[in-house]
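Reading the structure
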Amino acid sequence: MIKNYLKVAWRNLFRNKFFSAINILGLALGMACSILILLWVQNELSVDGYHVNGRNIYAIIERQYYDNKVMGQYSVPGVLANELKKVFPEVKYATGFDGGAQNTFQVGEKILKLNGAAADSDVFKMFSYKLLEGQPQTALNTPSGIAISRKMAEDFFGSPQAAIGKTVKYEDKDNFKITGVFENLPENSSIKFDYLINWFQYLKENDWAKDWGNNGPGAYVQLRPDADAKAFDKKLTHFIEKYNKPTKAFREELGVQRFSEVYLHSELKDNGHVSGGRIEYVHLFTIVAVFILLIACINFMNLTTARSVKRSREIGIRKVVGAVRPVLIRQFIGEAILLTFLAVIVAVALVIVLLPVFNTITQKQIEYPFVHASFWAALVALTLITGAIAGSYPALFLSSFNPVTVLKGALKLSSGSVWFRKGLVVFQFWMSIVLIIGTIIISRQVNYIQTKNLGYNRENLIYIPMDGDLVAKYELFKNEATNMPGIKDVTRSSNSPTNFGSSTIGVNWDGKDPNSNIMFTQISVGYDFTKTMELKMAQGRDFSKAYSTDTTNYLLNETAASRLPYKNPIGQNFTMWGKKGKIIGVIKDFHFNSFHDPIYPLVVRLDFKNVYGSILVRTKPGETKAAIASIEKLCKDLNPAFTVNYQFSDKEFEKLYRNEAVVSSLSDAFAALGIFISCLGLLGLAMFTAEQRTKEIGIRKVLGASVGSLFTLLSREFVILVIIAMFIASPVAWWAMGKWLSGYQYAVPISWWIFVLAGIIAIVITLITVSFQSVKAALMNPIKSLRSE
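Residues numbered from 1 in each chain as written. Predicted model: local features only at pLDDT ≥ 70, side-chain atom pairs only at ≥ 80, totals over all residues. Heavy atoms only, no water.

1. Regarding the overall build of the protein
Helices and strands together make up the secondary structure of the protein, namely 25 helices and 23 strands. Counting all 789 residues of the protein, 52% fall into the buried class. Of the contacts formed within the protein by residues at least 6 apart in sequence, a portion of 78% connects residues at least 24 apart. A total of about 35700 Å² of accessible surface is found on the protein, and carbon and sulfur atoms cover 58% of it. (Helix = DSSP H or I, 4+ residues; strand = E, 2+ residues; numbered from the N terminus. Buried < 20%, exposed > 50% of the residue type's maximum accessible area, 1.4 Å probe, protein only. Contact = heavy atoms within 4.5 Å. Areas by Shrake-Rupley, 256 points an atom, 1.4 Å probe, with all protein chains shown as cover.)

So, in structure tokens, the structure goes:
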């Protein structure tokens, strides 16, 4: 019997080649898209999941209460981790951690600039960073010790075995002994580094991190297996108050978050507690994958039920010879699964072709999953589920035919089945229109970010890290650079303009409320900062060498000035970290962080003692190549022990919105795909409708109907369904995109015309899709159409 059913299914497949191709292509595209998205989701969920002790490793969170606000952060005092290990018996291991550093190393004549981090000696006991050489107990337990990656060992020494015990020169000043070589970190590690310097060295270089009142690095603890994480979290809440006394205006609390959850749940906006993060994109794309697959399944349902008349006699005969309804249901669901199986073959081929492109868009390195048994098991499950969903209604519908009625040739589709099919079309286009509206709004937001005036000119601006001799020779660099081709202005800054991350409440002014603590972002700069950045002054002046007292004076941004009680802040006393000076200028507000954040109060101070930060170079328009050549020559002359390294401001700005760019690209592709799959179904339905109404069209033409009126007749039904879908989709899309935009402090409005445009796009695409078949039917010779009946 099964063999017979397969023969029937195969014959039906080839008897209706066009409709079978539409079904297979629609399902294949939907499944390929879903597979790619689910591979991405699986990759996201696997990040940091490889640590053996992962269930017991926690990140420390600090919540700061000030200025009637609560701010959550992963930055804590540099001495916190070690103190937690001393005080709490629940803590088995603990480490401070500060990543993202770029430092220069030298072995012989070879010089490399590498990304690295600093950590305590417990790091290799806590995390599953596999040591190829050295022991976890000794890898970072001395001030002169350093652990390096396999890649760094091979770059300098040829192999990990040759590297252990050797010495590398660090920042042209310190010599480190290699006490450990670890395997290159896997792609699903959220933390990336090529080396780890020990915590002793970190605190030596960053003396401020020893102060309980300063935050910067992170801290991680591994609890003992029998420890209660919730109880530990409660005990930790007020722990820091012993070391940093709270005031009425400012206090701090501590908490914990499982380390494996930090990557996806890193937003701390809900009163300083975990409130979201990349997990929102995981949810979003999972929903999109379901949408696309449902659209493809609806295609199958619609086309199968629409062509039910063609198989009515077969069903009637089967019932007459004894086939019962459950047998017929199994047959039709089996046919749907067979069709789905063929679609899966096409989908897997599409995944093979599209995965490299998908990786480029998402900036991932997802590998082909074909060697994993779990992938094939999931694919079989997806085939069965998709086949069952797509074939369920057609099976129930076809198996319900009355054999007497169909064998008499008097079968007419009930109004219920017709309305159900129309409902499926509405549902299909509802999802497609939601995707179109989302795509338009996301594209507008990304364009808004890219084109919005930041308050400074990010074009033709280059950052150069202040490494080695550039710190001491900065003034010489500036004097030489400003006279070289392509260079317009030069200054220095403790932070790059896209990341002013240092904040303080250590400010004071005349008449300040002692119970008020306002958090100020602060940076230190050199002369010509506002000129080089092309900032605008709202009041006062910039720092100038003509005023020797400017070394103790300050610039504020407009937001900072608005928090002070002065109508005119120029000349007013202002103190930061006990250093008293005057406000000499107010800079017009500019964006120095992501658009997800508001513009915070900013204090700018003049500092010649900075041993870190960046040199900012403004190049002349159209002379970037000449400017880079000048920079490279000057750096080699003044700082020969270090490789020349520089970044472009506009590229660094784009990195802030990498997620948005990915979402925008993918939403464009998914919306186009959703519409395309929907249109495949519409095309099939239009062909079937025209075929069913051949005689009616012929009679209308004989009675004088024009081609235009017949086109309207055949197209009107589909247009009405799309309009209904538009009205249903609009409020859903408005709510969903409003929620997405709420994560931005600066966002585009959701205007009414976006919904109208989405509807017009859907209607135009619908008319284009059905026009070919509608016009073809309208142009048919009425004599042939009537004779065919």
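Okay, back to it.
2. Regarding the packing of aromatic side chains
One pass over the structure, following the stated rule, counts 39 aromatic pairs. Ring centres of Tyr170 and Phe176 lie 5.0 Å apart, and the angle between their planes is 45°; this geometry places the pair in the tilted category. Each member of the pair Tyr170 and Phe176 is classed as buried. An angle of 90° between the planes, with centres 6.1 Å apart, marks the rings of Tyr456 and Phe590 as edge-to-face. Taken together, the positions of Tyr456 in the loop between helix H15 (415-451) and strand S12 (461-465) and Phe590 in the loop between strand S20 (579-587) and strand S21 (602-606) put the pair 134 residues apart, joining distant regions of the chain. Per residue, the accessibility class of Tyr456 equals that of Phe590, and both read buried. (Phe/Tyr/Trp six-rings, centres within 6.5 Å; stacked < 30°, edge-to-face > 60°.)

3. What about helix H16 (residues 474-481)?
Turning to H16, its buried residues are Tyr474, Phe477, Lys478 and Ala481. Projected down its long axis, H16 carries its buried residues within an arc of 95°, all on one side. On its buried side, H16 packs onto S12, strand S13 (487-493), strand S22 (614-619) and helix H19 (624-638). (Arc of directions from axis to C-beta.)

4. What to know about the pairing of strand S19 (residues 573-576)
The side chains of a regular strand alternate, residue by residue, between the two faces of the sheet. Covered by surrounding structure in S19 are Asn573 and Thr575 together with Phe574 and Met576, the residues of both alternating faces. Where strand S15 (residues 507-509) lies against S19, three bridges are found, and the strand directions are antiparallel. Counterpart to Trp509 in the pairing with S19 is Phe574. By the bridge criterion, four bridges tie S19 to S20 in an arrangement that is antiparallel. Bridging from a neighbouring strand, Phe574 pairs with Gly581 of S20. (Pairing = 2+ DSSP bridges.)

5. Considerations on a nonpolar patch on the surface
A cluster of nonpolar side chains, namely Trp752, Trp753, Val756, Leu757, Ile760, Ile761, Val764 and Ile768, defines an oily patch on the protein surface of about 750 Å² accessible area. Within the element layout of this structure, Trp753 appears in helix H24 (residues 752-779). (Patch = residues over 30% accessible without salt bridge, like charges linked within 9 Å, V, L, I, M, F, W, Y side chains within 5 Å. Salt bridge = Lys/Arg side-chain N within 4 Å of Asp/Glu carboxyl O.)

6. Focus: the pattern of salt bridges
Summed over the entire model, instances satisfying the criterion amount to 19 salt bridges. In this structure, Asp489 engages Lys531 in a salt bridge whose closest nitrogen and oxygen atoms are separated by 3.5 Å. Of this pair, Asp489 sits in strand S13 while Lys531 sits in helix H17 (residues 529-533), placing them 42 residues apart in sequence. On the basis of relative accessibility, which here comes to 49%, the residue Lys531 falls in the partly exposed class. Linked through salt bridges whose partners overlap, the residues forming this network are Glu44, Arg278 and Lys364.

7. Focus on the side chain of Asn359
Topologically, Asn359 is positioned in helix H12 (residues 325-362). Other than its neighbours up to four places away in sequence, Asn359 contacts Lys364, Gln365 and Ile366.

8. Topic: the nonpolar core
Counting 115 residues, the largest nonpolar core has Ile433 and Phe590 as the members making the most contacts within it. In terms of residue count, the dominant contributor to this core is H15 (16 residues). With sequence-adjacent residues up to four places away left out, Ile433 is seen in contact with Val722, Ala725, Met726, Ala729, Ala758 and Ala762. Listed in part, the 23 residues of the second largest apolar core include Tyr93, Ala117, Ala139 and Leu196. (Core = buried A, V, L, I, M, F, W, Y, C linked by side-chain atoms within 4.5 Å.)

9. What to know about empty space enclosed by the protein
This structure, assessed with the given rule, holds five cavities of 30 Å³ or more. The wall of the largest cavity is formed by Ile464, Pro465, Asp467, Leu470, Cys635, Asn639, Phe642, Thr643, Val644 and Asn645. Taken together, the residues of the lining of the largest cavity sort by class into six nonpolar, three polar and one charged. (1 Å grid on protein atoms, 1.4 Å probe; cavity = no way out; pocket = protein on both sides within 12 Å on 5 of 7 lines; lining within 4 Å. Points joined across faces, edges and corners; volume = space filled by probe spheres on them. Nonpolar A, V, L, I, M, F, W, Y, C, P; charged D, E, K, R; others polar.)

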